[in-house]
Amino acid sequence: MPFVQVNDVKLHYEMEGNGAPLLMVAGTGLPGATWRTGPSAQFAAEGFTVITFDHRGTGRSDKPDVNYSTRMFAADAAGLLQALDIPQAHVLGHSMGGRVVQWLALDHPERVRSLVLAAGSPGEIDPGNPVMRGIPLNDVVELAEKGYEGFIRSIFASKFFFTPEFCRDHPDIIQRLIDAFWANRPPLKLYLRHTIARQQHQTAERLHEITAPTLVIVGSADTVTGNLAVGRYLADHIPSAEFKTVDGSAHMLFWQKPAETCSAIVEFLRRH
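Caption draft 1: Quick look at the packing of helix H4 (residues 137–156) against helix H7 (residues 188–200). Their axes nearest at 13 Å, the elements H4 and H7 cross at an angle of 100°. The orientation of H4 with respect to H7, classified from their angle, is roughly perpendicular. Every residue of H7 that contacts H4 at Asp139, Leu143, Tyr148, Phe151, Ile152 and Ile155 is listed here: Leu188, Tyr191, Leu192, Thr195 and Arg198. When its residues are assigned to classes, the contact of H4 with H7 shows eight nonpolar, one polar and two charged.

Caption draft 2: Examining the packing of aromatic side chains more closely. Throughout the structure, instances matching the rule amount to eleven aromatic pairs. Relative to Trp182, the ring of Tyr148 has its centre 5.1 Å away and its plane inclined at 65°; by these criteria the two rings are edge-to-face. Of this pair, Tyr148 sits in helix H4 while Trp182 is found in helix H6 (residues 171–183), placing the two residues 34 residues apart along the sequence. Aromatic side chains Phe162 and Phe166 sit 4.9 Å apart centroid to centroid with 15° between the ring planes, which places their arrangement in the stacked category. Comparing Phe162 with Phe166, the two get one shared label, buried. Through successive ring pairs, a cluster of aromatic residues spans Tyr148, Phe151, Phe156, Phe161, Phe181, Trp182 and Tyr191.

Caption draft 3: Looking closely at helix H10 (residues 258–270). Between its terminal C-alpha atoms H10 stretches 18 Å, which fits the 18 Å expected from 13 residues at 1.5 Å a residue. Turning to H10, its buried residues are Thr261, Cys262, Ala264, Ile265, Val266, Phe268 and Leu269.

Caption draft 4: Summary view of the environment of Ile135. Take Ile135: it is sitting in the loop between strand E6 (112–118) and H4. Accessibility expressed as a relative area gives 26% for Ile135, which makes it partly exposed. With 57 residues separating them in the primary sequence, Ile135 and Leu192 have C-alpha atoms 7.1 Å apart. The contacts of Ile135, once residues within four sequence positions are left out, are Val140, Leu192, Thr195 and Ile196.

Caption draft 5: Seen up close, the pattern of salt bridges. Counted under the stated rule, the structure contains twelve salt bridges. When the shortest N-O distance is used, the salt bridge between Asp107 and Arg71 registers 2.8 Å. With Asp107 in helix H3 (residues 96–107) and Arg71 in helix H2 (residues 70–83), the pair connects residues that are 36 residues apart, well separated along the chain. Residue Asp107 is classed as partly exposed on the basis of its relative accessible area, which comes to 28%. Classification of Arg71 as partly exposed rests on a relative accessible area of 39%.

Definitions and limits used
Residues numbered from 1 in each chain as written. Predicted model: local features only at pLDDT ≥ 70, side-chain atom pairs only at ≥ 80, totals over all residues. Heavy atoms only, no water. Axes fitted to C-alpha atoms, helices over the stretch in contact; angles between N-to-C directions. Helix = DSSP H or I, 4+ residues; strand = E, 2+ residues; numbered from the N terminus. Parallel < 35°, antiparallel > 145°, perpendicular 65-115°, else oblique. Contact = heavy atoms within 4.5 Å. Nonpolar A, V, L, I, M, F, W, Y, C, P; charged D, E, K, R; others polar. Phe/Tyr/Trp six-rings, centres within 6.5 Å; stacked < 30°, edge-to-face > 60°. Buried < 20%, exposed > 50% of the residue type's maximum accessible area, 1.4 Å probe, protein only. Expected span 1.5 Å × (residues − 1). Salt bridge = Lys/Arg side-chain N within 4 Å of Asp/Glu carboxyl O.

So this is what it looks like as structure tokens:
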């Protein structure tokens, strides 16, 4: 079970496959095990050395009870690559991970061979529609009403994560994701610290500084905080970024439309 010391924490990571390194960065509170329900093996089969890891606060990594930020998570990711003696990697972030890897590209550009922002956000892009800087009210209500496990089961099977038709037809896939999360879950307080880090993220005014070749990819049915429009904003403000939608997929595009998502990303990675 591999671990490395990075900054002030010990991080748990996994590697699979052979080829150019691809670092996969997960979303809010998600341990690396969620990648290993299918997506990481797909990219490994396409000829990449895939690196997945547990963010601080999740899985088998250390769990300091301190304020977290997406920039802190990016420093952890850069430190992981350094500890593994990987000078440069393709970097892919999903959801909150898409926020994290923006900081990785800004603060550690030498580490990023190419950048994939999957259903990510740069924070607030319209002052008339401000981002809630804290734990979203609906999350607080659902946690109070359903408890931690009930809340997790609810959001994984929600219309925000998957389309209603997918939830109806593929409960097994959703259950595998829930099981992977729950077996490696962060303590509730640290899950909430992840949530706050996500909500406080802000890079919109610095997107023009990103120099890595970038692919922005979003499900066409992704309704999480207007991610389709947000994806277009990212692509419009990152120099020479490409924009791709995955038809019919909601937020969890790596699980709802795995073949289409992987194919689009691999095509991009092989050009860079």
